[in-house]
Amino acid sequence: MTDTGDRRNFYGRIRGKTLRASQKDYLAEDLGPLTLRGVTREENPSRSPLDLGFVQGPLWLEVGFGGGEHLVHMASLNAGVTILGAEPFVNGIAMLLGKIRGAGVTNLWLHPGDVRDLFDVLPDGCLSKVFLNYPDPWPKARHHRRRFVTPEYLLPLARKMARGAEFRVATDIPDYVRQTLEEVPPAGFELVAQTGEGAAWEDWLSTRYEQKALREGRQPHYLTFRRS
């Protein structure tokens, strides 16, 4: 695939409140060694497929890992798996790096940017599990096409997932559930399960976003799809 020079529109925050001194240290000292090389257009203008020689065992991906608690939890539970995390929000990346230090996990790699750039260069069929936890809901109707559960994201995601691979979605927004059920299956997935509060996956770790939703009276929804 050649680089056409096109640049994608990106919607969402890159930075939030001022980072603490410790978080700045995490970014300066830890982000570089954990960042996948050859993902950005600057590093890989020809969009050549990544060499997955670093992967040990199955390869999983979390899209938009927020504060990183679920990502670190899954890495701790699954030492024989390599897990990628894609997240453009600098504050979330700094939070994750602090958690990685605390947990001492060594099976995580990061792309601090738009997941679509990662989809460009991952080999087809390489992912065996993908997590989408409490994605940006883009609640206004005119912004629904910015949601992850649209063909712009789902079609390349499906190409990167192996047949039979699992795609998990957690959200507290009923309209996000509606759009997920409408748009994920036509992209190449079949619905395996749809459950509500108290019936998440056995290895689920409730995130700070979920706890906030529960405090504010919003109910979680958990959807499991299989790449067909």
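Residues numbered from 1 in each chain as written. Predicted model: local features only at pLDDT ≥ 70, side-chain atom pairs only at ≥ 80, totals over all residues. Heavy atoms only, no water.

### A look at the packing of aromatic side chains
Argument step 1. Applying the stated criterion across every chain yields a total of eight aromatic pairs.
Argument step 2. Ring centres of Phe-167 and Phe-225 lie 6.2 Å apart, and the angle between their planes is 35 degrees; this geometry places the pair in the tilted category. On the criterion of sequence distance, the pair formed by Phe-167 in strand β5 (residues 161-171) and Phe-225 in strand β7 (residues 221-227) is long-range, its members being 58 residues apart.
Argument step 3. Its relative accessible area of 0% is what places Phe-167 among the buried residues.
Argument step 4. The cationic tip of Lys-129 hangs over the ring face of Trp-60; the distance from NZ or CZ to the ring centre is 4.5 Å. (Phe/Tyr/Trp six-rings, centres within 6.5 Å; stacked < 30°, edge-to-face > 60°. Helix = DSSP H or I, 4+ residues; strand = E, 2+ residues; numbered from the N terminus. Buried < 20%, exposed > 50% of the residue type's maximum accessible area, 1.4 Å probe, protein only. Lys NZ or Arg CZ within 6 Å of the ring centre and 35° of its normal.)

### Quick notes on the sheet that holds β7
Argument step 1. Strand order in the open sheet made by the seven strands is β3-β2-β1-β4-β5-β7-β6, with mixed pairing throughout. Looking at which strands have only one partner, the edges of the open sheet turn out to be β3 (108-111) and β6 (189-196). Neighbour-to-neighbour, the strand axes of this sheet turn through a mean angle of 15 degrees, independent of strand direction.
Argument step 2. Across seven bridges, the pairing between β6 and β7 is antiparallel. (Pairing = 2+ DSSP bridges. Axes fitted to C-alpha atoms, helices over the stretch in contact; angles between N-to-C directions.)

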